[in-house]
Structure formats: C-alpha cells, structure tokens
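Structure assessment
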Amino acid sequence: MVELSLHVLDIAQNSIKAGASLVEIEINENTVANTLVITITDNGCGMAPDFLKDVTNPFRTTRTTRKVGLGLSMFKSAAELTGGSFSIWSEQGKGTKVKAEFVHNSIDRQPIGDMAATITTVINANPSIDYVYKHSYNGNEFDFDTRQMREALGAEVNLSENDVLLWIDDYIKNETENIYGGAI
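Below you will find a few notes about this structure. (Residues numbered from 1 in each chain as written. Predicted model: local features only at pLDDT ≥ 70, side-chain atom pairs only at ≥ 80, totals over all residues. Heavy atoms only, no water.)

What follows covers the pairing of strand S2 (residues 35-42). A large share of S2 lies buried, amounting to six of its eight residues. In this structure, the hairpin formed by strand S1 (residues 22-30) and S2 is closed by a connection of four residues, where Asn-34 is found at a positive phi of approximately 60°. (Buried < 20%, exposed > 50% of the residue type's maximum accessible area, 1.4 Å probe, protein only. Helix = DSSP H or I, 4+ residues; strand = E, 2+ residues; numbered from the N terminus. Pairing = 2+ DSSP bridges.)

Two modes of strand pairing occur in sheets, parallel and antiparallel, and in both the strands are linked by backbone hydrogen bonds. Strand order across the open sheet formed by six strands is S3-S4-S2-S1-S5-S6, with mixed pairing between neighbours. The sheet is open, and its two borders are formed by strand S3 (85-91) and strand S6 (140-145), each paired with just one other strand. The average angle at which neighbouring strand axes cross in this sheet is 5°, direction not considered. The sheet contacts of helix H6 (residues 162-179) involve strand S5 (130-137) and S6, and relative to S6 the element is tilted by about 165°. (Axes fitted to C-alpha atoms, helices over the stretch in contact; angles between N-to-C directions. Contact = heavy atoms within 4.5 Å.)

As a further point, take the packing of helix H4 (residues 115-125) against H6. How two helices sit against one another is set out by the angle between their axes and by the gap between those axes. One can describe the packing of H4 onto H6 by two numbers: an axis separation of 9 Å at closest approach and a directional angle of 150°. Taken together, the axes of H4 and H6 lie roughly antiparallel to each other. With respect to the hand of their crossing, H4 and H6 are arranged in right-handed fashion. Listed contacts from H6 to Ala-116, Ala-117, Ile-119, Thr-120, Ile-123 and Asn-124 of H4 are Leu-165, Ile-168, Asp-169, Ile-172 and Lys-173. A class-by-class count of the residues in the contact of H4 with H6 yields seven nonpolar, two polar and two charged. (Parallel < 35°, antiparallel > 145°, perpendicular 65-115°, else oblique. Left-handed = near helix turned anticlockwise from the far one by under 90°. Nonpolar A, V, L, I, M, F, W, Y, C, P; charged D, E, K, R; others polar.)

Turning our eyes to something else, we now look at the pattern of salt bridges. If the charged atoms of two oppositely charged side chains come close together, the side chains can form a pair. Counted according to the given criterion, the structure contains six salt bridges. Residues Asp-169 and Lys-173 are paired through a salt bridge, measuring 3.0 Å at the closest nitrogen-oxygen approach. Separated by four residues within a single helix, Asp-169 and Lys-173 lie in helix H6, roughly one turn from each other. The exposure class assigned to Asp-169 is buried, which follows from its relative accessible area of 18%. (Salt bridge = Lys/Arg side-chain N within 4 Å of Asp/Glu carboxyl O.)

On the surface, a cluster of negative charge is contributed by Glu-24, Glu-26, Glu-141 and Asp-143. At the level of secondary structure, the elements contributing two or more residues to the negative patch comprise S1 and S6. (Patch = residues over 30% accessible without salt bridge, like charges linked within 9 Å, V, L, I, M, F, W, Y side chains within 5 Å. Areas by Shrake-Rupley, 256 points an atom, 1.4 Å probe, with all protein chains shown as cover. Lys, Arg positive; Asp, Glu negative; His and termini not counted. Charge placed at Lys NZ, Arg CZ, Asp CG, Glu CD.)

Attention now goes to H6. Across its 18 residues, H6 extends 26 Å between first and last C-alpha, which sits within 8% of the 26 Å expected from 1.5 Å per residue. All of the buried residues in H6 are Val-164, Leu-165, Ile-168, Asp-169, Ile-172, Thr-176 and Ile-179. Seen end-on, H6 carries its buried residues on one side only, within an arc spanning 140°. Structural note: H6 exposes Asn-162, Asp-163, Leu-166 and Asn-178 on the side pointing more than 90 degrees away from its buried face. Each element contacted by the buried residues of H6 is listed here: H4, S5, S6 and helix H5 (146-153). After H6 finishes, the residue Gly-181 shows a positive phi value of roughly 85°. (Expected span 1.5 Å × (residues − 1). Arc of directions from axis to C-beta.)

To continue, consider the nonpolar core. Among the nonpolar cores identified, the biggest contains 43 residues, and Phe-75, Phe-102 and Tyr-133 are the most heavily contacted of them. The element contributing the most residues to this core is helix H1 (residues 4-17), with six residues. For Phe-75, the residues in contact, after removing those within four places along its chain, are Leu-4, His-7, Ile-11, Ile-38, Ile-40, Phe-86, Val-98, Ala-100 and Phe-102. (Core = buried A, V, L, I, M, F, W, Y, C linked by side-chain atoms within 4.5 Å.)

What follows covers helix H3 (residues 71-81). Within H3 the residues assigned to the buried category are Gly-71, Leu-72, Ser-73, Phe-75, Ala-78 and Ala-79. Structurally, H3 contributes buried residues whose contacts are with H1, S2, S3 and strand S4 (95-103). Remark: Gly-83 follows H3 within two positions and exhibits a positive phi of approximately 95°.

Judged by side-chain polarity, Met-1, Val-2 and Leu-6 come together as a nonpolar surface patch covering roughly 260 Å² of accessible area. Mapped onto the elements of the fold, Leu-6 is located in helix H1.

Given below as structure tokens:
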C-alpha cells in the first residue's frame, strides 16, 4: 500500500467483518516528538489468544477465499520500517485495538493519504455502523462522530446518501486543513 489511509481502510474493514458496531480511528501527529501514531479500536468479536499471538503472520488468516492475510503484517512493516512500532490487543467478545507508531520525519514513512475518502468509503459501505475519527497535529485537533450526525440529522436520514457523504468528505478535508494551519 502506498499510503497509510489504505492501511486504515483495510483494518476498518476487518473491524466490520468482526461484527463491530463502533470503529474508532485516531491519528496523532506530533512533529516536536517526531511521532505519528495511528490507533484503530473496535468493539467487534475480538480474537482468541492463540490467533492473536500470530496475527501479523501473513499466512495466518480467517479468510476462506485465500490463504494469505497481508493487511496487519504490511501495516506493522510500514511502522517498523520508519523505526516505529506496532502493537495489537484483543479480547474475545470485547474487541480489538491496533496501534502503529511511526517516526514522523522518516524518509520511509508513507504519506497519510486521503483520510476523508477512507472515512466516507467505510460509511458508504456500512452506514449502520458508528465511526469516530479524530485527528490531531501538534495540539490542534478535530473529531468527527457519526453518532452526533445521526442525532443532528434524525433517524430517517441515511448516512450513505450522496449529499451526506459529500458533506462528510468536505468537513474532514476542511478540518484537516485547519489543524495543519492552512492548505495541505
């Protein structure tokens, strides 16, 4: 994958397949500490301890269509390539948390990519699931929460409606630009 947003998309899809009703995605950039931390947390079915200990092995997968699962192993490699780290916690019946820490200024760090497109894609594909997206950059931050949108729009509005998705995409792009202090 050429950008981190595609890793996030892959892991969010894993959360959805795990039966999550809430997926939280957080990006924390701190150029002073030279860190970029991406955390994805869900309340899905979680993983058994024996599966969890080997989950980043690309030949360990729950897929039935093929015998390879590269998503977590590639995300782990992307973080470690920068001198960062990767960790995953999971408990059956409670959910999973994936955390990747990158050295922010590493030449090997992939760009974050289009997080607005990633968030709108998962919402469009699964509008009944709730998503929280938080992004901070050197102390400036914003968040987006579909639960707040549902409350404001009312139950009769489907979050996968085109006008709603366009608004979400625009909101995330504008807020991202704001936390960076101007144009991206």
